[in-house]
Amino acid sequence: MRRTAGKLADGREIIYFDDSAEAPPRVAVDTRDLPETQPMSEVRLDPLTREWVAMAAHRQTRTYKPPADLCPLCPSTPGRPTEVPEADYDVVVFENRFPSLAQNVPDVPSTVDGESLFARAPGRGRCEVVCFTSDHNKSFGELSESRVRTVVDAWADRVAYLSTLPGVEQVFPFENRGEEIGVTLSHPHGQIYAYPFVTPRTERMLNAALDYYAEHGRPLFGDVLEAELRAGARVIEESPHWVAFVPAAARWPVEVVLAPRRQVPDIAALSSVERDDFASLYLKVLHRLDALYDRPLPYIAAWHQAPVNAGRDEMWLHLQVFSVLRTKDKLKYLAGSESGEAVWINDVTPEQIAQRLRGTHN
């Protein structure tokens, strides 16, 4: 892989990750006349749940479902410059033009309305876009193994860097796919958020992992993985270094977890052979998911990693892929119980969905 960094017209960073050193040099200049960005993000603490909420009103003007010939993530063409100045690319990462969190946000008062109950802070972090291919009509599952390997290297590069930024407590790479998920740009891409706090889900997983380690002297996720392998009923794919399974308490109608057999805290800690092996296994899982309903499956792929400054020895990297589609043409809505009380009700058992996924052709 070859890495080339540059700047866009408004000063945002852009980084090309090429599959090999044989790719053309990345020297194209962003010719757009763009004003320097000034995000106005802030975060506020909900005193009733102790959870941070990001406020980013400037994102209301972000690009929304443009036609394919106006896609800002496609390569630039003569007379139509985009977010990517080059005429072609393999994998590219750049700072989001409409970020929920950014490094250059202004300071804000430490409270809302001067009330000490309502804590407030700048939304200081970073949001990046990761384009997996220059081909607008492809999906992640249609990439080659070598391209997926390049994407993994790009993720690892960004996780390592973003973890060093001042105030960043957690780095979260993810992909949203499909209109049912709420995707506003159909070009195959993902995002990476660098948060100034530990997210609620990670905090819960961290507390569970710390408690279990203190009692048993072993990582919780490692014992979960061994239990899933012993049972076998929910395992859908295995490889020398990774396991893919439907979790025993799956929340979503379609949900698969991919985990390395070795404990690592984040993507950057994966070895070269583990990255190779992931590329092969993940494509098999995605093919099974698309075959489930014989249509492209809308999904969210979420990388769960240890926070930057906590749980590095107790947490276990894993990728959670889940979908809101409960049948070929019916959605799972997060209604009263899920949205109001965070109590999930699944209409299918994990064993049933695992059996159906194993029965698909990958």
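Keep in mind that this is a model prediction, so the values were computed, not measured.

### Re the overall build of the protein chain
1) Next: Helix and strand counts for the protein chain stand at six helices and 17 strands.
2) Next: By principal-axis analysis of the C-alpha atoms, the protein chain measures approximately 60 × 55 × 40 Å.
3) Next: When each of the 362 residues of the protein chain is scored for burial, the buried share is 52%.
4) Next: Of the contacts made within the protein chain by residues no fewer than 6 positions apart, 67% connect residues no fewer than 24 positions apart.

### Notes on the UniProt feature "domain: Galactose-1-phosphate uridyl transferase C-terminal" (unreviewed entry) in the protein chain
1) Next: Here the UniProt-annotated "domain: Galactose-1-phosphate uridyl transferase C-terminal" (unreviewed entry) positions come out as residues 211-358.
2) Next: Secondary structure within residues 211-358 divides into 36% helix and 22% strand; the distance between the first and last C-alpha atoms comes to 34 Å.

### Considering the side chain of H189
1) Next: Checked against the element boundaries, H189 lands in strand 10 (residues 189-195).
2) Next: For H189, the side chain forms a polar contact with the main-chain oxygen of H187, separated by 2.6 Å.
3) Next: Setting aside residues up to four positions removed in sequence, H189 forms contacts with L73, V129, V130, C131, F132, E175 and N176.

### Some remarks on the pairing of strand 8 (residues 126-131)
1) Next: In terms of residue burial, strand 8 counts as a mostly covered element, since six of its six residues are buried.
2) Next: Neither face of strand 8 is open: one carries R126, E128 and V130, the other C127, V129 and C131, and all of them are buried.
3) Next: Judged from the six bridges that link them, strand 8 and strand 10 form a sheet pairing that is antiparallel. Residue pairing across strands places E128 opposite I192, the latter belonging to strand 10.

### Quick look at the nonpolar core
1) Next: F140, W155, L258, F278 and Y282 are the most contacted members of the largest nonpolar core, which has 54 residues in total.
2) Next: For this core, the leading source of residues is helix 4 (residues 272-292), giving nine residues.
3) Next: Ignoring sequence-local partners within four residues, the contact set of W155 consists of V130, F132, F140, P173, I192, I267, F278 and W303.
4) Next: Core analysis: the second largest hydrophobic core is formed by 13 residues, L73, V84, V92 and F94 among them.

### Considering the sheet that holds strand 6 (residues 111-112)
1) Next: The strand order across the open sheet formed by four strands is 4-3-7-6, and the pairing between neighbours is antiparallel. Each edge of the open sheet is held by one strand with a lone partner, namely strand 4 (51-55) and strand 6.
2) Next: Where strand 3 (residues 42-46) meets strand 4, five bridges bridge the pair, whose relative direction is antiparallel. Note on strand 4: the bridge partner recorded for D46 is E51.

The rules behind each value
- Residues numbered from 1 in each chain as written.
- Predicted model: local features only at pLDDT ≥ 70, side-chain atom pairs only at ≥ 80, totals over all residues.
- Heavy atoms only, no water.
- Helix = DSSP H or I, 4+ residues; strand = E, 2+ residues; numbered from the N terminus.
- Buried < 20%, exposed > 50% of the residue type's maximum accessible area, 1.4 Å probe, protein only.
- Contact = heavy atoms within 4.5 Å.
- UniProt positions renumbered as here; feature names shortened; annotations may be inferred.
- Polar contact = N/O pair within 3.5 Å; in protein donor to acceptor, adjacent residues only side chain to side chain.
- Pairing = 2+ DSSP bridges.
- Core = buried A, V, L, I, M, F, W, Y, C linked by side-chain atoms within 4.5 Å.

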